Amino acid sequence: MLSRMFSVGRIACVAVLACGLAVSVSGQKAPVAEPVAVDFFALGPDGSVFDLRADEITLKIDGRGPRRIRSLQYVPLSQPDPSGLSIEPAPDLEPPFGTNAITPDVRWVSIIVDHESIRPGAAGNAINAAVRFIRLLGPRDQVSYVTMPNGGVEIDFTTDHQRVIDALRKFVARGQREPTEQERSCRSRLLLNTMSAYLEGLAPVQGPKMVVLLSSGVLNPRRDAPALGPPGPCEIRQVYFQEVSTAASMARAHIFVVQPDDLHMDSPRDIFVDRTASRFSDADEDRAGLESIAGVTGGEFMRLVGPEDRQLTN
């Protein structure tokens, strides 16, 4: 909890705090302060926060605390130009002196594309946003490109950003025009399970992590069978969202959930069933599941509108 009402944003900070650790001293256990690094993102009411001080932060673990913060370091995630224009990031140089400051050598950035939800007409805006995002990264940042749910690692982590961009440019959208309710449910469930497994695999990797999920939609928890019948093969349970949340927390990854502009109307047949019903109910349901992923992971949800939408920045 931050005393100046900061929320999740795009400025990374690293704090070193003292946590109690029980060790044996003369046959008895006594608390010993052990430094632990905690990275977080801060965004104030007027935008990015560059002058955050340790005395302005209140840190609690499992609702207990506050914990004493020994030091606080600001780590920029990008290099914005004060004029508002994008500039090429400067190469990272080794400091000409010794230091014991906590400085991540590299960031790990995963671009995950839900290729089975994005329809061909919406693929261009999504890929363009991802490419612009990658071009803002630093030269030492490691980037990977992954397709889900029935895909895999297309490009493993690499500092060759152009290689990732070239692969994204060849992306083929596989989303169906009018998928059935069960098809949408099965894809949503599999995406949640696959994403949990991928985030669990990132946990051992040291350093800040950013995960960008590009998807046209995910459904919220629901049954895949009649109310009084047994669960169907594609039932979406709340625990699947909780597993994504736990995996993201263990990986210490910040999640960006991005939905390309692909607003489609429900089948005209539905108007004869209920003339008062929304013709965009499917689109609303797809957005709700993506918002849930952003919510449970403490990440950010954004919707791309048009080819020049620049919401996705690091």
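## Regarding the nonpolar core
Move 1: Of all hydrophobic cores here, the largest spans 30 residues; its most connected members are Ile111, Ile118, Leu168 and Leu214.
Move 2: Within the residue set of this core, elements represented by two or more residues are strand E5 (108-114), helix H1 (120-135), strand E6 (142-148), helix H2 (161-169), strand E8 (209-214) and strand E9 (253-259).
Move 3: Looking at this core, the element that brings in the most residues is H1, giving nine residues.
Move 4: In contact with Ile118, other than residues within four places in its own chain, are Val113, Ala123, Ala126, Phe171, Ala173, Arg174, Gly175, Leu214, Ser215, Ser216 and Pro260.
Move 5: Leu192, Leu219, Ile236 and Ala251 belong to the second largest nonpolar core, which has 26 residues in total.

## Some points on the confidence of the model for the protein chain
Move 1: Taken residue by residue, the protein chain gives an average pLDDT of 75. The fraction at 70 or more is 62%.
Move 2: Within the protein chain, the lowest mean pLDDT, 41, falls on strand E1 (residues 7-25), and the highest, 96, falls on E6.
Move 3: Confidence drops under a pLDDT of 50 for residues 1-27, and excluding neighbours within four residues, the segment shows 116 contacts in the predicted structure.
Move 4: In the predicted structure, residues 92-103 sits below a pLDDT of 50 and forms nine contacts with residues beyond four places in sequence or in another chain.

## Some points on the packing of aromatic side chains
Move 1: Scanning the model with the defined rule gives two aromatic pairs in all.
Move 2: Their ring planes at 90° and their centres at 5.1 Å tell us that Trp108 and Phe157 sit as a pair that is edge-to-face. Highlighted residues: Trp108 in strand E5 and Phe157 in strand E7 (residues 152-158), separated in sequence by 49 residues.
Move 3: Note on Phe157: relative accessible area 22%, which makes it partly exposed.

## Observations concerning helix H3 (residues 181-202)
Move 1: Taking 1.5 Å per residue as the helical rise, H3 with its 22 residues ought to reach 32 Å, and the 32 Å between its terminal C-alpha atoms agrees with that figure.
Move 2: All buried positions along H3 are accounted for by Arg184, Ser185, Arg187, Ser188, Leu191, Leu192, Met195, Ser196, Tyr198, Leu199 and Leu202.

## What about the environment of Gly217?
Move 1: With respect to the helices, strands and loops of the structure, Gly217 is situated in the loop between E8 and helix H4 (238-251).
Move 2: Separated by 71 residues in the primary sequence, Gly217 and Ala288 have C-alpha atoms spaced 8.0 Å apart.

Conventions used here
- Note that residues are indexed from 1 along each chain, following the sequence as it is written.
- pLDDT decides what is reported in this predicted model: residues at 70 or higher carry local features, side-chain atom pairs at 80 or more are listed and counted, and totals for whole chains, interfaces and linings draw on all residues regardless.
- Only heavy atoms go into the side-chain values, all of them from the structure, while hydrogens and water stay out.
- For our purposes a nonpolar core is just a set of buried Ala, Val, Leu, Ile, Met, Phe, Trp, Tyr and Cys residues, chained together by side-chain atoms within 4.5 Å.
- Burial classes: relative accessible area under 20% of the type maximum marks a residue as buried, over 50% as exposed, and values in between as partly exposed (1.4 Å probe, protein chains only).
- For the purposes of this entry, the term helix denotes a DSSP run of H or I that reaches at least four residues, the term strand denotes a run of E that reaches at least two, and both are numbered from the N terminus.
- Here a residue-residue contact requires only that any non-hydrogen atoms of the pair lie within 4.5 Å.
- Residue-level confidence of the predictor is summarised by pLDDT, bounded by 0 at the bottom and 100 at the top.
- Side-chain rings of Phe, Tyr and Trp, where Trp is taken by its six-membered ring, are said to pair if the distance between their centres is within 6.5 Å; with planes under 30 degrees apart they count as stacked, over 60 as edge-to-face, and otherwise as tilted.
- Expected helix span is computed as 1.5 Å times (number of residues minus one).

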